[in-house]
Amino acid sequence: SVRRRVVTTPLAALPTPRPRLPQPASARSAPEFDTNRPVAMSAVTHAVAGAPAMLTSRRASGSGARLSARAPVASSRRVSVAVRAAADEAKEPLLVRAAKGLPVERPPAWMMRQAGRYMQEYRDLAVKHPSFRERSETTDLITEITLQPWRAFAPDGVILFSDILTPLPAIGIPFEIDDYKGPILDSPIRDKEGLKMMHALDLDMLPFVGEALGILRKEVGDTAAVLGFVGAPWTLATYIVEGGSSSTYKTIKSMAMSDPDTLKSILSAVADAVGDYVGYQIDAGAQCVQIFDSWGGQLPPHMWEVWSKPYIQQVVDKVRLTHPGVPLTLYANGSGGLLERMATTGVDCIGLDWTIDMADGRTRVGDLAVQGNVDPAVLFAAPEAVEQAVNDVCAKAGPTGHILNLGHGVLVGTPEENVKVFFDAAKKIKYDA
(Lines give C-alpha, C1' and ligand atoms only; values in the text may rest on other atoms or scores of the structure.)
Protein backbone atom coordinates (compact mmCIF):
# COMPACT_ATOMS: atom_id res chain seq x y z
CA SER A 1 0.00 0.00 0.00
CA VAL A 2 1.23 3.48 -0.79
CA ARG A 3 -0.45 4.87 2.31
CA ARG A 4 2.20 5.09 4.98
CA ARG A 5 3.35 7.44 7.67
CA VAL A 6 6.80 8.95 7.68
CA VAL A 7 8.24 8.72 11.16
CA THR A 8 10.85 11.32 11.97
CA THR A 9 11.90 13.37 14.95
CA PRO A 10 9.09 15.80 15.95
CA LEU A 11 9.68 19.33 14.76
CA ALA A 12 8.02 21.15 17.64
CA ALA A 13 11.29 22.80 18.58
CA LEU A 14 13.18 23.08 15.35
CA PRO A 15 16.97 23.58 15.53
CA THR A 16 19.15 25.39 13.09
CA PRO A 17 18.92 23.24 9.94
CA ARG A 18 21.29 20.38 9.56
CA PRO A 19 23.98 20.76 6.93
CA ARG A 20 23.43 19.11 3.62
CA LEU A 21 23.93 15.40 4.08
CA PRO A 22 26.62 13.88 1.86
CA GLN A 23 25.31 11.13 -0.36
CA PRO A 24 26.85 7.70 -0.47
CA ALA A 25 29.05 7.49 -3.52
CA SER A 26 26.80 4.84 -5.02
CA ALA A 27 23.68 7.00 -4.78
CA ARG A 28 25.44 10.18 -5.87
CA SER A 29 26.95 8.63 -8.96
CA ALA A 30 23.89 6.59 -9.99
CA PRO A 31 22.38 9.23 -12.31
CA GLU A 32 25.64 9.45 -14.28
CA PHE A 33 27.20 6.03 -14.15
CA ASP A 34 24.59 3.33 -13.62
CA THR A 35 23.71 0.92 -16.39
CA ASN A 36 20.78 3.08 -17.44
CA ARG A 37 23.23 5.58 -18.90
CA PRO A 38 24.96 5.44 -22.31
CA VAL A 39 28.34 6.09 -20.66
CA ALA A 40 27.93 2.98 -18.52
CA MET A 41 26.93 0.94 -21.57
CA SER A 42 30.04 2.13 -23.37
CA ALA A 43 32.20 1.13 -20.43
CA VAL A 44 30.69 -2.36 -20.36
CA THR A 45 31.06 -2.74 -24.11
CA HIS A 46 34.66 -1.57 -23.93
CA ALA A 47 35.43 -4.04 -21.17
CA VAL A 48 33.91 -6.91 -23.15
CA ALA A 49 35.65 -5.89 -26.34
CA GLY A 50 38.98 -5.85 -24.52
CA ALA A 51 38.53 -9.31 -23.01
CA PRO A 52 40.05 -11.33 -25.89
CA ALA A 53 43.19 -9.19 -25.90
CA MET A 54 43.52 -9.51 -22.15
CA LEU A 55 43.04 -13.26 -22.40
CA THR A 56 45.70 -13.58 -25.12
CA SER A 57 48.12 -11.55 -23.04
CA ARG A 58 47.59 -13.76 -20.02
CA ARG A 59 48.09 -16.91 -22.06
CA ALA A 60 51.25 -15.55 -23.56
CA SER A 61 52.65 -14.71 -20.15
CA GLY A 62 51.89 -18.19 -18.89
CA SER A 63 49.37 -17.02 -16.32
CA GLY A 64 47.60 -20.35 -16.43
CA ALA A 65 44.52 -21.95 -18.00
CA ARG A 66 42.35 -21.41 -14.93
CA LEU A 67 42.67 -17.62 -15.07
CA SER A 68 42.20 -17.42 -18.83
CA ALA A 69 39.14 -19.65 -18.67
CA ARG A 70 37.41 -17.35 -16.20
CA ALA A 71 37.68 -14.17 -18.26
CA PRO A 72 34.92 -15.03 -20.77
CA VAL A 73 32.55 -15.88 -17.91
CA ALA A 74 32.98 -12.45 -16.35
CA SER A 75 32.59 -10.82 -19.76
CA SER A 76 29.47 -12.85 -20.43
CA ARG A 77 27.97 -11.60 -17.20
CA ARG A 78 28.76 -8.03 -18.15
CA VAL A 79 27.09 -8.54 -21.52
CA SER A 80 24.04 -10.00 -19.79
CA VAL A 81 23.79 -6.96 -17.48
CA ALA A 82 24.15 -4.61 -20.43
CA VAL A 83 21.50 -6.43 -22.46
CA ARG A 84 19.05 -6.42 -19.55
CA ALA A 85 19.70 -2.71 -18.96
CA ALA A 86 19.11 -1.94 -22.63
CA ALA A 87 15.87 -3.92 -22.57
CA ASP A 88 14.68 -2.05 -19.48
CA GLU A 89 15.51 1.28 -21.12
CA ALA A 90 13.54 0.34 -24.22
CA LYS A 91 10.46 -0.31 -22.06
CA GLU A 92 10.64 3.07 -20.34
CA PRO A 93 8.34 5.83 -21.60
CA LEU A 94 9.80 8.25 -24.12
CA LEU A 95 9.81 11.12 -21.63
CA VAL A 96 11.71 9.14 -19.00
CA ARG A 97 14.38 8.21 -21.53
CA ALA A 98 14.76 11.82 -22.60
CA ALA A 99 15.07 12.98 -18.98
CA LYS A 100 17.88 10.47 -18.50
CA GLY A 101 19.66 11.68 -21.63
CA LEU A 102 19.05 8.42 -23.51
CA PRO A 103 18.37 8.26 -27.26
CA VAL A 104 14.78 8.89 -28.35
CA GLU A 105 13.06 8.64 -31.71
CA ARG A 106 11.27 11.99 -31.36
CA PRO A 107 10.91 14.75 -28.77
CA PRO A 108 8.53 13.79 -25.94
CA ALA A 109 6.06 16.56 -25.12
CA TRP A 110 3.80 17.67 -22.28
CA MET A 111 2.65 21.05 -20.94
CA MET A 112 2.72 22.67 -17.53
CA ARG A 113 -0.87 23.31 -16.40
CA GLN A 114 -1.81 20.73 -18.99
CA ALA A 115 -5.13 20.11 -17.26
CA GLY A 116 -7.09 23.20 -16.42
CA ARG A 117 -9.35 26.07 -17.28
CA TYR A 118 -8.47 26.36 -20.96
CA MET A 119 -10.33 23.07 -21.54
CA GLN A 120 -14.12 23.19 -21.84
CA GLU A 121 -14.32 19.72 -20.32
CA TYR A 122 -12.57 20.99 -17.19
CA ARG A 123 -14.77 24.08 -16.94
CA ASP A 124 -17.88 21.90 -17.15
CA LEU A 125 -16.60 19.71 -14.34
CA ALA A 126 -15.70 22.77 -12.24
CA VAL A 127 -19.31 23.94 -12.41
CA LYS A 128 -20.36 20.71 -10.71
CA HIS A 129 -17.44 20.83 -8.26
CA PRO A 130 -16.69 24.53 -7.66
CA SER A 131 -14.14 24.03 -4.88
CA PHE A 132 -10.57 23.74 -6.08
CA ARG A 133 -9.65 21.89 -2.90
CA GLU A 134 -12.35 19.34 -3.67
CA ARG A 135 -11.14 18.92 -7.25
CA SER A 136 -7.50 18.54 -6.21
CA GLU A 137 -8.06 16.39 -3.10
CA THR A 138 -10.62 13.85 -4.27
CA THR A 139 -9.17 10.75 -5.91
CA ASP A 140 -11.79 10.31 -8.61
CA LEU A 141 -11.75 13.99 -9.58
CA ILE A 142 -7.95 14.16 -9.62
CA THR A 143 -7.83 11.15 -11.90
CA GLU A 144 -10.54 12.41 -14.24
CA ILE A 145 -9.05 15.90 -14.59
CA THR A 146 -5.53 14.53 -15.09
CA LEU A 147 -6.72 12.26 -17.89
CA GLN A 148 -8.74 14.92 -19.75
CA PRO A 149 -5.79 16.30 -21.79
CA TRP A 150 -4.31 12.83 -22.19
CA ARG A 151 -7.49 11.66 -23.92
CA ALA A 152 -7.74 14.84 -25.98
CA PHE A 153 -4.12 15.35 -27.09
CA ALA A 154 -2.11 12.20 -26.21
CA PRO A 155 0.83 13.99 -24.53
CA ASP A 156 3.90 11.98 -23.54
CA GLY A 157 3.61 13.08 -19.93
CA VAL A 158 0.55 12.93 -17.68
CA ILE A 159 1.07 15.20 -14.69
CA LEU A 160 -0.94 14.77 -11.52
CA PHE A 161 -3.64 17.39 -11.08
CA SER A 162 -2.76 18.89 -7.72
CA ASP A 163 -1.21 21.98 -6.14
CA ILE A 164 2.18 22.74 -4.65
CA LEU A 165 0.47 23.67 -1.36
CA THR A 166 -1.37 20.35 -1.04
CA PRO A 167 1.07 18.82 1.50
CA LEU A 168 1.08 21.83 3.85
CA PRO A 169 -1.77 20.62 6.11
CA ALA A 170 0.13 17.34 6.47
CA ILE A 171 2.98 19.23 8.19
CA GLY A 172 0.68 21.29 10.42
CA ILE A 173 0.05 24.31 8.21
CA PRO A 174 -3.61 24.64 7.12
CA PHE A 175 -4.64 26.86 4.23
CA GLU A 176 -7.68 27.84 2.21
CA ILE A 177 -8.02 29.01 -1.38
CA ASP A 178 -10.08 32.08 -2.16
CA ASP A 179 -11.38 32.36 -5.71
CA TYR A 180 -10.13 35.93 -5.93
CA LYS A 181 -7.25 36.20 -3.45
CA GLY A 182 -5.73 32.78 -3.99
CA PRO A 183 -4.13 30.81 -1.12
CA ILE A 184 -4.72 32.15 2.40
CA LEU A 185 -2.80 30.94 5.47
CA ASP A 186 -4.39 32.34 8.61
CA SER A 187 -1.38 31.55 10.80
CA PRO A 188 1.83 32.47 8.97
CA ILE A 189 5.08 31.53 10.70
CA ARG A 190 7.28 34.54 11.39
CA ASP A 191 9.14 33.68 14.59
CA LYS A 192 10.51 30.74 16.56
CA GLU A 193 7.24 30.35 18.45
CA GLY A 194 5.45 29.69 15.17
CA LEU A 195 7.73 26.75 14.46
CA LYS A 196 5.87 24.76 17.09
CA MET A 197 2.91 24.28 14.77
CA MET A 198 5.02 22.30 12.28
CA HIS A 199 5.44 18.55 12.47
CA ALA A 200 6.73 15.65 10.39
CA LEU A 201 4.88 14.86 7.18
CA ASP A 202 1.75 12.83 7.89
CA LEU A 203 1.07 10.86 4.73
CA ASP A 204 -2.20 9.58 6.17
CA MET A 205 -3.53 13.05 5.35
CA LEU A 206 -2.63 12.65 1.67
CA PRO A 207 -4.14 9.31 0.59
CA PHE A 208 -5.77 10.83 -2.50
CA VAL A 209 -2.34 11.63 -3.97
CA GLY A 210 -1.08 8.07 -3.77
CA GLU A 211 -4.39 6.57 -4.85
CA ALA A 212 -4.64 8.84 -7.90
CA LEU A 213 -1.07 8.14 -9.02
CA GLY A 214 -1.65 4.41 -8.78
CA ILE A 215 -4.81 4.64 -10.87
CA LEU A 216 -3.06 6.85 -13.44
CA ARG A 217 -0.27 4.32 -13.93
CA LYS A 218 -2.85 1.65 -14.67
CA GLU A 219 -4.88 3.89 -17.00
CA VAL A 220 -1.95 5.28 -18.96
CA GLY A 221 0.10 2.09 -19.13
CA ASP A 222 3.18 2.42 -21.31
CA THR A 223 1.74 5.14 -23.54
CA ALA A 224 3.03 8.05 -21.44
CA ALA A 225 5.00 8.84 -18.29
CA VAL A 226 3.13 9.62 -15.09
CA LEU A 227 4.58 12.77 -13.57
CA GLY A 228 4.50 13.92 -9.98
CA PHE A 229 5.45 17.35 -8.73
CA VAL A 230 6.28 19.33 -5.62
CA GLY A 231 7.03 22.89 -4.64
CA ALA A 232 10.63 23.80 -3.83
CA PRO A 233 11.25 24.68 -0.16
CA TRP A 234 11.83 28.38 -0.83
CA THR A 235 8.64 28.69 -2.86
CA LEU A 236 6.58 26.91 -0.20
CA ALA A 237 8.19 29.03 2.49
CA THR A 238 7.03 32.22 0.76
CA TYR A 239 3.44 31.18 1.42
CA ILE A 240 4.20 29.97 4.95
CA VAL A 241 5.84 33.28 5.91
CA GLU A 242 3.85 35.76 3.80
CA GLY A 243 0.51 34.11 4.64
CA GLY A 244 -0.47 33.86 0.97
CA SER A 245 0.56 35.11 -2.45
CA SER A 246 2.83 38.13 -2.69
CA SER A 247 4.13 40.48 -5.35
CA THR A 248 7.08 41.76 -3.32
CA TYR A 249 8.04 38.97 -0.85
CA LYS A 250 9.18 41.68 1.53
CA THR A 251 8.28 39.74 4.69
CA ILE A 252 10.29 36.63 3.90
CA LYS A 253 13.18 38.59 2.39
CA SER A 254 13.30 40.75 5.51
CA MET A 255 13.28 37.61 7.67
CA ALA A 256 16.33 36.35 5.75
CA MET A 257 18.24 39.33 7.15
CA SER A 258 16.55 39.97 10.50
CA ASP A 259 15.86 36.39 11.70
CA PRO A 260 17.85 34.02 9.49
CA ASP A 261 17.83 31.15 11.99
CA THR A 262 14.05 30.94 12.01
CA LEU A 263 13.88 31.02 8.22
CA LYS A 264 16.55 28.34 7.97
CA SER A 265 14.56 26.15 10.35
CA ILE A 266 11.42 26.59 8.28
CA LEU A 267 13.25 25.78 5.05
CA SER A 268 15.03 22.73 6.44
CA ALA A 269 11.81 21.31 7.90
CA VAL A 270 9.96 21.90 4.64
CA ALA A 271 12.80 20.30 2.66
CA ASP A 272 12.62 17.14 4.79
CA ALA A 273 8.87 16.95 4.23
CA VAL A 274 9.17 17.58 0.49
CA GLY A 275 11.81 14.85 0.17
CA ASP A 276 9.43 12.40 1.85
CA TYR A 277 6.58 13.60 -0.34
CA VAL A 278 8.59 13.00 -3.53
CA GLY A 279 9.39 9.46 -2.38
CA TYR A 280 5.72 8.86 -1.62
CA GLN A 281 4.73 9.97 -5.11
CA ILE A 282 7.34 7.72 -6.70
CA ASP A 283 6.25 4.73 -4.62
CA ALA A 284 2.67 5.39 -5.71
CA GLY A 285 3.47 5.48 -9.43
CA ALA A 286 5.25 8.69 -10.49
CA GLN A 287 8.00 7.98 -13.02
CA CYS A 288 9.43 11.50 -13.03
CA VAL A 289 8.99 14.32 -10.52
CA GLN A 290 9.24 18.05 -11.20
CA ILE A 291 10.32 20.50 -8.52
CA PHE A 292 8.71 23.90 -9.00
CA ASP A 293 10.73 26.78 -7.57
CA SER A 294 8.04 29.10 -8.84
CA TRP A 295 9.27 32.12 -6.87
CA GLY A 296 12.97 31.31 -6.93
CA GLY A 297 13.40 33.84 -9.71
CA GLN A 298 12.33 36.55 -7.27
CA LEU A 299 15.65 36.16 -5.49
CA PRO A 300 18.90 37.72 -6.69
CA PRO A 301 21.33 34.94 -7.66
CA HIS A 302 23.50 35.38 -4.55
CA MET A 303 20.40 35.05 -2.31
CA TRP A 304 19.06 32.07 -4.27
CA GLU A 305 22.42 30.41 -3.63
CA VAL A 306 21.82 30.73 0.13
CA TRP A 307 18.05 30.51 0.56
CA SER A 308 16.87 28.16 -2.18
CA LYS A 309 19.65 26.02 -3.61
CA PRO A 310 20.78 24.24 -0.39
CA TYR A 311 17.23 23.18 0.40
CA ILE A 312 16.57 21.90 -3.12
CA GLN A 313 19.77 19.89 -2.70
CA GLN A 314 18.46 18.60 0.61
CA VAL A 315 15.35 17.32 -1.18
CA VAL A 316 17.38 15.79 -4.02
CA ASP A 317 19.81 14.09 -1.65
CA LYS A 318 16.97 12.53 0.31
CA VAL A 319 15.29 11.22 -2.84
CA ARG A 320 18.54 9.86 -4.28
CA LEU A 321 19.10 7.72 -1.18
CA THR A 322 15.87 5.79 -1.74
CA HIS A 323 14.99 6.30 -5.43
CA PRO A 324 18.29 6.94 -7.23
CA GLY A 325 17.05 6.06 -10.72
CA VAL A 326 14.02 8.34 -10.94
CA PRO A 327 14.60 11.53 -12.97
CA LEU A 328 14.05 14.88 -11.26
CA THR A 329 13.39 18.13 -13.11
CA LEU A 330 13.86 21.60 -11.63
CA TYR A 331 11.90 24.55 -13.00
CA ALA A 332 12.08 28.15 -11.81
CA ASN A 333 10.19 30.93 -13.52
CA GLY A 334 12.38 33.92 -14.36
CA SER A 335 15.51 31.83 -13.96
CA GLY A 336 17.70 33.44 -16.61
CA GLY A 337 20.19 34.53 -13.96
CA LEU A 338 20.14 31.17 -12.16
CA LEU A 339 20.71 28.47 -14.78
CA GLU A 340 24.32 27.63 -13.95
CA ARG A 341 23.41 27.47 -10.26
CA MET A 342 20.33 25.33 -10.92
CA ALA A 343 22.51 22.87 -12.82
CA THR A 344 24.52 22.13 -9.66
CA THR A 345 21.57 21.03 -7.50
CA GLY A 346 21.83 17.36 -8.49
CA VAL A 347 18.70 17.15 -10.65
CA ASP A 348 18.62 15.42 -14.04
CA CYS A 349 16.78 18.03 -16.08
CA ILE A 350 16.45 21.83 -16.07
CA GLY A 351 13.20 23.46 -17.15
CA LEU A 352 13.76 26.64 -19.17
CA ASP A 353 11.25 29.47 -19.24
CA TRP A 354 10.36 31.13 -22.53
CA THR A 355 12.66 34.14 -22.00
CA ILE A 356 15.76 31.98 -22.44
CA ASP A 357 17.07 31.02 -25.86
CA MET A 358 17.07 27.24 -26.02
CA ALA A 359 20.54 27.02 -27.59
CA ASP A 360 21.94 29.34 -24.93
CA GLY A 361 20.20 27.43 -22.16
CA ARG A 362 21.61 24.17 -23.48
CA THR A 363 25.13 25.55 -23.26
CA ARG A 364 24.67 27.00 -19.79
CA VAL A 365 23.40 23.84 -18.07
CA GLY A 366 26.11 21.56 -19.46
CA ASP A 367 25.28 17.90 -19.98
CA LEU A 368 21.94 17.94 -18.18
CA ALA A 369 18.69 17.33 -20.02
CA VAL A 370 16.53 20.39 -20.67
CA GLN A 371 12.80 20.99 -20.84
CA GLY A 372 10.83 23.69 -22.62
CA ASN A 373 10.48 26.29 -23.78
CA VAL A 374 7.87 27.55 -26.28
CA ASP A 375 6.31 30.89 -25.31
CA PRO A 376 2.77 30.10 -24.04
CA ALA A 377 1.45 33.15 -25.93
CA VAL A 378 2.40 31.48 -29.23
CA LEU A 379 -0.58 29.17 -28.74
CA PHE A 380 -2.86 32.14 -29.43
CA ALA A 381 -1.32 32.58 -32.91
CA ALA A 382 -2.04 30.78 -36.16
CA PRO A 383 -1.43 27.02 -36.26
CA GLU A 384 1.53 27.57 -38.61
CA ALA A 385 3.19 29.78 -36.00
CA VAL A 386 2.68 27.15 -33.32
CA GLU A 387 4.26 24.47 -35.49
CA GLN A 388 7.17 26.76 -36.37
CA ALA A 389 7.82 27.53 -32.71
CA VAL A 390 7.88 23.82 -31.87
CA ASN A 391 10.29 23.11 -34.72
CA ASP A 392 12.58 25.98 -33.76
CA VAL A 393 12.86 24.92 -30.12
CA CYS A 394 13.46 21.27 -30.99
CA ALA A 395 16.08 22.16 -33.60
CA LYS A 396 18.02 24.20 -31.05
CA ALA A 397 17.64 21.59 -28.33
CA GLY A 398 18.86 18.71 -30.48
CA PRO A 399 17.80 15.07 -30.51
CA THR A 400 19.02 13.97 -27.07
CA GLY A 401 18.05 15.04 -23.59
CA HIS A 402 15.17 17.36 -24.48
CA ILE A 403 11.56 17.32 -23.30
CA LEU A 404 9.34 19.67 -25.28
CA ASN A 405 7.16 21.91 -23.13
CA LEU A 406 6.04 25.48 -22.82
CA GLY A 407 8.22 27.96 -20.98
CA HIS A 408 5.39 28.43 -18.45
CA GLY A 409 1.92 27.01 -17.85
CA VAL A 410 -0.89 26.99 -20.40
CA LEU A 411 -2.66 30.35 -20.28
CA VAL A 412 -6.37 30.66 -19.60
CA GLY A 413 -8.21 31.12 -22.90
CA THR A 414 -5.68 29.17 -24.96
CA PRO A 415 -7.47 27.59 -27.97
CA GLU A 416 -7.68 23.86 -27.47
CA GLU A 417 -7.14 23.29 -31.18
CA ASN A 418 -3.72 24.94 -30.94
CA VAL A 419 -2.77 22.73 -28.02
CA LYS A 420 -3.45 19.83 -30.35
CA VAL A 421 -1.31 21.47 -33.05
CA PHE A 422 1.53 21.71 -30.52
CA PHE A 423 1.46 18.00 -29.72
CA ASP A 424 0.90 16.94 -33.32
CA ALA A 425 3.89 19.00 -34.42
CA ALA A 426 6.11 17.23 -31.87
CA LYS A 427 5.01 13.84 -33.17
CA LYS A 428 5.99 14.78 -36.74
CA ILE A 429 9.62 15.31 -35.76
CA LYS A 430 11.76 12.21 -36.23
CA TYR A 431 15.32 11.65 -35.07
CA ASP A 432 17.77 9.30 -36.72
CA ALA A 433 18.38 6.07 -34.86
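Residues numbered from 1 in each chain as written. Predicted model: local features only at pLDDT ≥ 70, side-chain atom pairs only at ≥ 80, totals over all residues. Heavy atoms only, no water.

### Overview of the overall build of the protein
Part 1: Looking only at helices and strands, the protein features 18 helices and 9 strands.
Part 2: Here the contacts in the protein between residues at least 6 apart in sequence split such that 74% fall between residues at least 24 apart.
Part 3: Counting every atom, the protein has about 18800 Å² of accessible surface; 56% of that belongs to carbon and sulfur. (Helix = DSSP H or I, 4+ residues; strand = E, 2+ residues; numbered from the N terminus. Contact = heavy atoms within 4.5 Å. Areas by Shrake-Rupley, 256 points an atom, 1.4 Å probe, with all protein chains shown as cover.)

### What about the pairing of strand β5 (residues 288–292)?
Part 1: Among the 5 residues in β5, 5 count as buried, and that is most of the element.
Part 2: Side chains C288, Q290 and F292 project from β5 onto one buried face, and the interleaved V289 and I291 project onto a second face that is buried too.
Part 3: Of the pairings in the sheet, the one linking strand β4 (residues 225–231) to β5 comprises 5 bridges and is parallel in character. By the bridge assignment, G228 is partnered in β5 with V289.
Part 4: Across 4 bridges, the pairing between β5 and strand β6 (residues 328–331) is parallel. Paired with Q290 across the strands is T329, a residue of β6. (Buried < 20%, exposed > 50% of the residue type's maximum accessible area, 1.4 Å probe, protein only. Pairing = 2+ DSSP bridges.)

### Points about the packing of helix α10 (residues 233–242) against helix α12 (residues 260–284)
Part 1: Where α10 meets α12, the closest approach of the two axes is 9 Å, and the angle between their N-to-C directions is 125°. As judged from the angle between their axes, α10 and α12 are oblique. Relative to α12, α10 is oriented so that their crossing is right-handed. In this structure, α10 contributes P233, W234, L236, A237, I240 and V241 to the contact, and α12 contributes L263, I266, L267, V270, A271 and V274.
Part 2: Its residues assigned to classes, the contact of α10 with α12 comprises 12 nonpolar, no polar and no charged. (Axes fitted to C-alpha atoms, helices over the stretch in contact; angles between N-to-C directions. Parallel < 35°, antiparallel > 145°, perpendicular 65-115°, else oblique. Left-handed = near helix turned anticlockwise from the far one by under 90°. Nonpolar A, V, L, I, M, F, W, Y, C, P; charged D, E, K, R; others polar.)

### So, the pairing of strand β9 (residues 402–406)
Remark: a regular strand shows side chains that alternate across the two faces of the sheet.
Part 1: For β9, a buried count of 5 out of 5 residues is recorded, marking the element as mostly surrounded by other parts of the structure.
Part 2: The pairing of strand β8 (residues 369–374) with β9 spans 5 bridges and is parallel. For V374, the partnering residue across the bridge sits in β9 and is L406.
Part 3: Of the crossover connections in this fold, the one passing from β8 over helix α17 (residues 383–397) to the parallel β9 is right-handed. (Right-handed = clockwise from strand over helix to strand, strands pointing away.)

### Description of the packing of aromatic side chains
The geometry of an aromatic ring pair is captured by the separation of the ring centres together with the interplanar angle, meaning the angle of the planes.
Part 1: Going through the model one piece at a time under the given rule, you end up with 7 aromatic pairs.
Part 2: Here the aromatic rings of F229 and F292 are separated by 5.6 Å at their centres, their planes lie at 85°, and the arrangement is edge-to-face. Of this pair, F229 sits in strand β4 while F292 sits in strand β5, and the two are 63 residues apart along the sequence.
Part 3: Residue classification places F229 among the buried positions, given a relative accessible area of 10%.
Part 4: We classify F292 as buried; its relative accessible area is 12%.
Part 5: Summarising the aromatic geometry, the rings of F422 and F423 are spaced 5.3 Å apart at their centres and angled 85° between planes, so their arrangement reads as edge-to-face.
Part 6: A residue is classified by how much of its surface remains accessible, and F422, at 0% relative accessible area, is buried.
Part 7: Three or more aromatic residues joined by ring pairs make a cluster, and in this case those are Y122, F132 and F161. (Phe/Tyr/Trp six-rings, centres within 6.5 Å; stacked < 30°, edge-to-face > 60°.)

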